[in-house]
Amino acid sequence: MAFEIFTFSFMHRAIISGIAIAILCSVVGLFLVLRRYSLFGDAIAHSSFGGIALGLMAGIYPLWTAYGVSIISALIMTRIKDRFNISGDASIAVLLSSGIALGLVIIGLSGGFTLDIFSFLFGSILLVSVNDTILILSLTGIILIVILLLYRQLLYSTFNEEQAKVSGIPVEKINYLIVFMAGITVVTSIQLVGVLLISALFVIPNVTAIMYGKGFKQTVIISMSFSIFSVVAGILVSYIFDITPAGTIVLIAIGIFGCTIGIKSAGLLSRHN
Amino acid sequence: MLKVVEIDHLTIEYPDVKAIDDVSFTVNQGDFLGIIGPNGAGKSTLFASMLNLNTKYNGTIKFFGTDIRKSKNYLKEIGYVPQKPIFEKNFPATVNDVVKMGLQKESDENKVDEILQQLWIHELSERRIGELSGGQQQRVFIAKALVNNPKVLILDEPVTGIDQQSIDLFYSILKELNSKQNITIIWSSHDLDAVNKLANHVACLNRTLFFHGESDDFFENDELVKQYSEASMQEHMHHH
Ligand SMILES: Nc1ncnc2c1ncn2[C@@H]1O[C@H](COP(=O)(O)OP(=O)(O)O)[C@@H](O)[C@H]1O
Ligand SMILES: [Mg+2]
């Protein structure tokens, strides 16, 4: 029976890491979505492609170079954007294409290592090791603690930068912190859904949860629940039917989004209750 | 008398306009100052420099005797209500969430309920901010500004686009905050009647400050009132 899959230890690791990543992406993603920065996750993910290629070429564990390259380039891009008044969407385009370009050139120079690259593009959640799982859990824990400690500052500066500034919140530092956390989250999540589908986990559960008309904390909880459900169901379903987990996870999330839209247009979600 | 704000030879230039030209005035504790001036007079520009949002100015601004270039601590004592609060329409924050953003110490949660009651919005506390009417939103932002017990409340044309009933409620709340809680209020408006009724000090701003003093001295001086009304009338016609 299908229940035997719960006895495999690789499945335990996949589900535990999957849940951690689901939680992480929905919380960090909510701040990005509300800042109209939805595609920023995508940009970081693409720049990590350059980092991964660099690691493979240099013989360093590619995730480490991916963390380095994507976080540093995201912070630099944010600085350039602020200094020279470049719009958010344009800076995303620059970041996104430069990472891919770097990756392609490096791959070309080293004569190709397509197999490894493939797992980074589309994720390989069933292959996460014990060490990967520990890393994923620790990073998730650290980021959640930071978010809890700075909850008011993060929420307020996302709601209205100018008013947050007047209330004495160091808005610029908070912005960099969000970029930094997004960088860590994206690279950590690459193992689950790969470079190409990252922004789905950042965005879809959050735009869905926002439609339920609740306050901030409840919206976070709704988003996390959808995210966790999509990831766990996606891993199980894809294993049973032997299809790609990343695609399945994202399609389930989109399914929940579609149902929510359906419920909403049928008028079942009242504006307030 | 304790000086809350001292502005000395303040000049603010944008690339193609001198928005504030050599303005000096003082606000004492307990004052209810109405700053009147037509559109484009520089009211918002003046506030932005007082709130440390715009640091490109010449002259000095002191709060509680300290130059704001030297210390930003004064910001803790200020509640600010912007001209038009901008936020995402579907931002997932309730009235309660928004007011709590203003709270410096988590421990003061009772204060939130108290303020919501005082401003007649406690029944809205679980509603999303984007669902409310302009007048209700305005009261939420005032609640957020008041939740830290500020010594000074700064309001930038707070009743633009708000229905008359909300405006009357809003004015009575301001009056009470000033007279009962001794909060110093600095408030910009182009409604002369309202300023006449509420404020005890008036500043007339139109790039330069052409009157500053007790509001009785302004409103009893027909020449000044006429001069102001004509200036804002022209402005008004200019805009339509
Ligand atoms: N950020 C800005 N950059 C350039 N010019 C500005 C800016 N903000 C305001 N101004 C100009 O400064 C003048 C004063 O504007 P403002 O302070 O908004 O007046 P008010 O609030 O009294 O209507 C206007 O001429 C306006 O066009
Ligand atoms: Mg203005």
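This write-up is about the structure you can find in this document. (Residues numbered from 1 in each chain as written. Chains lettered and ligands numbered in written order. Predicted model: local features only at pLDDT ≥ 70, side-chain atom pairs only at ≥ 80, totals over all residues. Heavy atoms only, no water.)

**Description of the overall build of chain A**
Rules: Each helix is a run of DSSP H or I of at least 4 residues and each strand a run of E of at least 2, with the numbering of both proceeding from the N terminus. We call a residue buried when its accessible area falls under 20% of the maximum for its residue type, exposed when it is over 50%, and partly exposed in between, using a 1.4 Å probe and counting protein chains only. Here, two residues are considered to be in contact whenever any of their heavy atoms come within 4.5 Å of each other. Surface exposure here means Shrake-Rupley accessible area, sampled with a 1.4 Å probe, where a residue is shielded only by the protein chains that are shown. His is not counted, nor are the chain ends; Lys and Arg add positive charge and Asp and Glu add negative charge. A charged residue contributes its charge at one atom only: NZ of Lys, CZ of Arg, CG of Asp or CD of Glu.
A count of helical and extended segments in chain A gives 11 helices and zero strands. When its helices and strands are written in sequence order, chain A yields α-α-α-α-α-α-α-α-α-α-α. Reported as C-alpha extents along the three principal axes, the dimensions of chain A are approximately 55 × 55 × 30 Å. Looking at chain A as a whole, 52% of its 273 residues are labelled buried. Restricting the contact set of chain A to residue pairs at least 6 apart, pairs at least 24 apart contribute 76%. Of the roughly 12000 Å² that chain A leaves accessible, carbon and sulfur atoms contribute 72%. Each charge class in chain A can be summarised by its mean position, and for the 13 positive and 10 negative side chains these summaries are 14 Å apart.

**A short note on the overall build of chain B**
Assigned secondary structure in chain B consists of eight helices and 10 strands. For chain B, buried positions account for 52% of its 240 residues. In the form shown here, chain B has an accessible surface area of approximately 11500 Å², with 45% of it arising from carbon and sulfur atoms. Of the side chains in chain B, 24 bear a positive and 34 a negative charge, and the two mean positions are spaced by 6 Å.

**Quick notes on the coordination of the magnesium ion (ligand 2)**
By definition of the ideal shapes, four donors in a tetrahedron about a metal sit 109.5 degrees apart, and six donors in an octahedron sit 90 or 180 degrees apart. Heads up, the condition is: In this description, a donor is an N, O or S atom within 2.8 Å of the metal centre, a cutoff extended to 3.2 Å for sodium, potassium and calcium. Water is not part of the atom list, which can make sites seem incomplete.
Surrounding the magnesium ion (ligand 2) are the protein donor atoms S44 of chain B (OG) and Q83 of chain B (OE1), at 2.0 to 2.4 Å. Taken together, the positions of S44 of chain B in helix α1 (residues 43-50) and Q83 of chain B in the loop between β6 (78-81) and α2 (95-101) put the pair 39 residues apart, joining distant regions of the chain.

**Re helix α1 (residues 9-34) of chain A**
Residue and element names in this part refer to chain A. Operational definition: One less than the residue count of a helix, multiplied by 1.5 Å, gives the span that helix is expected to have.
Taking 1.5 Å as the rise per residue, α1 with 26 residues should run 38 Å; its terminal C-alpha atoms sit 38 Å apart, in good agreement. Among the 26 residues in α1, 20 count as buried, and that is most of the element. Two residues or fewer after α1 comes R36, characterised by a positive phi angle close to 55°.

**Some remarks on the pairing of strand β4 (residues 58-63) of chain B**
Residues and elements named next belong to chain B. The following threshold applies: When DSSP locates at least two bridges between a pair of strands, those strands are taken to pair.
Summarising the sheet, strand β1 (residues 3-14) and β4 pair through five bridges and their orientation is antiparallel. Note that in β4 the partner of V5 across the bridge is F63. The sheet contact formed by β4 and strand β5 (residues 66-67) spans two bridges and is antiparallel. Following the sheet pairing, F63 is matched in β5 by T66.

**Quick look at the site of ligand 1**
Residues and elements named next belong to chain B. Worth spelling out the cut-off: In this text, near means that some heavy atom of the residue lies within 4 Å of the molecule or strand in question. Any pair of nitrogen or oxygen atoms within 3.5 Å is treated as a polar contact; in protein, a donor-acceptor pairing is required on top of that, and neighbouring residues in sequence qualify only through side-chain atoms on both sides. All residues other than Ala, Val, Leu, Ile, Met, Phe, Trp, Tyr, Cys, Pro, Asp, Glu, Lys and Arg, Gly among them, are scored as polar; the first ten of these are nonpolar and the last four charged.
The environment of ligand 1 is formed by Y14, V17, A19, P38, N39, G40, A41, G42, K43, S44 and T45. Within the backbone of G40, a nitrogen or oxygen atom sits 2.8 Å from an oxygen atom of ligand 1. Within the backbone of A41, an N or O atom sits 3.2 Å from an oxygen atom of ligand 1. Calculation on ligand 1 without its partners gives an accessible area of 560 Å², and the protein chains cover 62% of this total. Residue assignment for the shell around ligand 1 shows that the elements contributing at least two residues are β2 (17-28) and α1. Top contributing element to the shell around ligand 1 by residue count: α1, with three residues. Split into classes, the residues belonging to the shell around ligand 1 amount to five nonpolar, five polar and one charged.

**Considerations on the pattern of salt bridges**
The following threshold applies: When a carboxyl oxygen of Asp or Glu is within 4 Å of a side-chain nitrogen of Lys or Arg, the pair counts as a salt bridge.
Under the defined criterion, the tally for this structure stands at eight salt bridges over all chains. Between D82 of chain A and K81 of chain A there is a salt bridge, with its nearest N and O atoms 3.8 Å apart. Under the relative-accessibility criterion, K81 of chain A is labelled buried at 18%. Taking the shortest distance from any N to any O, the salt bridge between K151 of chain B and E77 of chain B comes out at 3.4 Å. Taken together, the residues K151 of chain B in the loop between α4 (134-146) and β7 (152-156) and E77 of chain B in the loop between β5 and β6 connect sequence positions 74 residues apart.

**Re unusual backbone geometry**
Residues and elements named next belong to chain B. The backbone of F64 sits at a positive phi, close to 50°, despite the residue not being glycine. For F64, the position within the fold is in the loop between β4 and β5. Even without being a glycine, N149 presents a positive backbone phi close to 50°. Mapped onto the elements of the fold, N149 is located in the loop between α4 and β7. For N149, a relative accessible area of 49% gives the class partly exposed.

**A short note on the nonpolar core**
In summary, soluble globular proteins display a tendency toward joint burial of nonpolar side chains. Note the following rule: Residues belong to one nonpolar core when they are buried, are Ala, Val, Leu, Ile, Met, Phe, Trp, Tyr or Cys, and are joined through side-chain atoms within 4.5 Å.
Ranked by internal contacts, the top residues of the largest apolar core, which has 128 residues, are F40 of chain A together with W187 and F218 of chain B. Here this core gets 18 residues from one element, more than from any other, and that element is helix α9 (residues 171-210) of chain A. Look past the residues within four positions of F40 of chain A in its chain and what remains in contact with it is L32, A74, T78, I92, L95, V179 and A182 of chain A. Residues V166 of chain A together with F25, F47 and I154 of chain B belong to the second largest nonpolar core, which totals 29 residues.

**A word on a nonpolar patch on the surface**
Convention followed: Two distance rules govern patches: like charges are joined within 9 Å, and nonpolar side chains (Val, Leu, Ile, Met, Phe, Trp, Tyr) within 5 Å, applied only to residues with over 30% relative accessible area and no salt bridge.
Residues I72, I76, I80, F84 and I86 of chain A make up a contiguous nonpolar surface patch of roughly 460 Å² in combined accessible area. Relative to the helices and strands, I80 of chain A resides in helix α3 (residues 62-84).

**Thoughts on the packing of aromatic side chains**
For the record, the criterion: Working definition: a ring pair exists when centres of Phe, Tyr or Trp rings (six-membered ring for Trp) sit within 6.5 Å. Plane angles under 30 degrees give stacked, over 60 give edge-to-face, the rest tilted. For a lysine, the NZ atom is tested; for an arginine, the CZ atom; a charge sits over a ring if that atom is within 6 Å of the ring centre and within 35 degrees of the ring normal.
Enumeration according to the criterion identifies 19 aromatic pairs over all chains in this entry. Ring centres of F8 of chain A and Y239 of chain A lie 6.3 Å apart, and the angle between their planes is 65°; this geometry places the pair in the edge-to-face category. Of the two residues, F8 of chain A sits in the segment before α1 while Y239 of chain A sits in helix α10 (residues 216-241), which places them 231 residues apart along the sequence. The partly exposed category is assigned to F8 of chain A, whose relative accessible area is 25%. Classification of Y239 of chain A by relative accessible area gives partly exposed; the value is 29%. Among the aromatic side chains, those forming a connected cluster through ring pairs are F31, Y151, F159 and F216 of chain A together with F87, F91 and F141 of chain B. Above the plane of the ring of Y57 of chain B lies R69 of chain B, whose end atom (NZ or CZ) is 3.9 Å from the centre.

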